[in-house]
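Survey of secondary and tertiary structure
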Amino acid sequence: MTQNLPALVALLTILLQFGTMFATGWARGKYRIEAPATTGHPAFERAYRVQMNTLESSMMFLPTLWLAVHYGYVLWAGIAGLVWILGRVWYALAYLGNASKRGPGYMVGMFGWAALLVMGVIGLGRALLTG
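Since the model is a prediction, treat every value here as computed from it, not as a measurement.

Conventions we followed
Residues numbered from 1 in each chain as written. Predicted model: local features only at pLDDT ≥ 70, side-chain atom pairs only at ≥ 80, totals over all residues. Heavy atoms only, no water. Phe/Tyr/Trp six-rings, centres within 6.5 Å; stacked < 30°, edge-to-face > 60°. Helix = DSSP H or I, 4+ residues; strand = E, 2+ residues; numbered from the N terminus. Buried < 20%, exposed > 50% of the residue type's maximum accessible area, 1.4 Å probe, protein only. Lys NZ or Arg CZ within 6 Å of the ring centre and 35° of its normal. Salt bridge = Lys/Arg side-chain N within 4 Å of Asp/Glu carboxyl O. Expected span 1.5 Å × (residues − 1). Contact = heavy atoms within 4.5 Å.

The subject of this paragraph is the packing of aromatic side chains. Under the criterion given, the structure shown has 5 aromatic pairs. Arranged with centres 6.1 Å apart and planes meeting at 25°, the rings of Phe-44 and Tyr-48 form a pair that is stacked. Taken as a pair, Phe-44 and Tyr-48 lie in helix α2 (residues 42–70) at a separation of 4 residues, close to a single helical turn. We classify Phe-44 as buried; its relative accessible area is 0%. For the pair Tyr-91 and Tyr-106, a centre-to-centre distance of 6.3 Å together with 50° between the ring planes defines the contact as tilted. Of the two residues, Tyr-91 is situated in helix α3 (residues 74–97) and Tyr-106 in helix α4 (residues 103–130); the sequence distance between them amounts to 15 residues. A relative accessible area of 37% places Tyr-106 in the partly exposed class. Through successive ring pairs, a cluster of aromatic residues spans Tyr-91, Tyr-95 and Tyr-106. Here Arg-102 stacks its cationic end above the ring of Tyr-95, 4.9 Å away from the centre of that ring.

Take the pattern of salt bridges next. Counting across every chain of the model gives 1 salt bridge. Here Glu-56 makes a salt bridge to Arg-49, at a shortest N to O gap of 4.0 Å. For Glu-56, a relative accessible area of 48% puts it in the partly exposed group.

Take α4 next. With 28 residues, α4 should cover 40 Å at 1.5 Å per step; its first-to-last C-alpha distance of 40 Å lies within 8% of that length. Among all positions of α4, only Gly-105, Gly-109, Gly-112, Trp-113, Leu-116, Met-119, Gly-120 and Gly-123 are buried. Looking at the buried positions of α4, the neighbouring elements they touch are α2 and α3. Trailing α4 by a residue or two, Gly-131 shows a phi angle of about 90°, which is positive.

Moving on: unusual backbone geometry. Of note, the bond from Ala-35 into Pro-36 is cis; its omega dihedral lies within 30 degrees of zero at 10°. Along the chain, the position of Pro-36 falls in the loop between α1 (5–30) and α2. Of note in this structure, Arg-32 is not a glycine but carries a positive phi near 55°. Counting through the fold element by element, Arg-32 comes out in the loop between α1 and α2. With a relative accessible area of 71%, Arg-32 lands in the exposed category.

Right, dumping it as structure tokens:
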């Protein structure tokens, strides 16, 4: 299981992206926001921002996850990845309801990402030092 945990985290990230995409599409229909508009009803705008923020965060998260895994932190990278997923889900649900409540979920997600970044930096540093 440990070996597959990072792959599970990557799959959960894809499902999270799908969920935010679905929420945005649903809000677009419910509030009749015609494409290509990205503004209109505040609930649609929150859903759109959740989708875009999650996409932006995923672009930093996934390479960092695999960098940590590559340098031998398979279990810890998987755990940190799950922390990131939990934080991003918390962030998304809070933001959809009330944008001012998104901070705690964001911080949990950032903690998971920062842990991965540290693992990647340490692993790469060790590899560079040992040749």
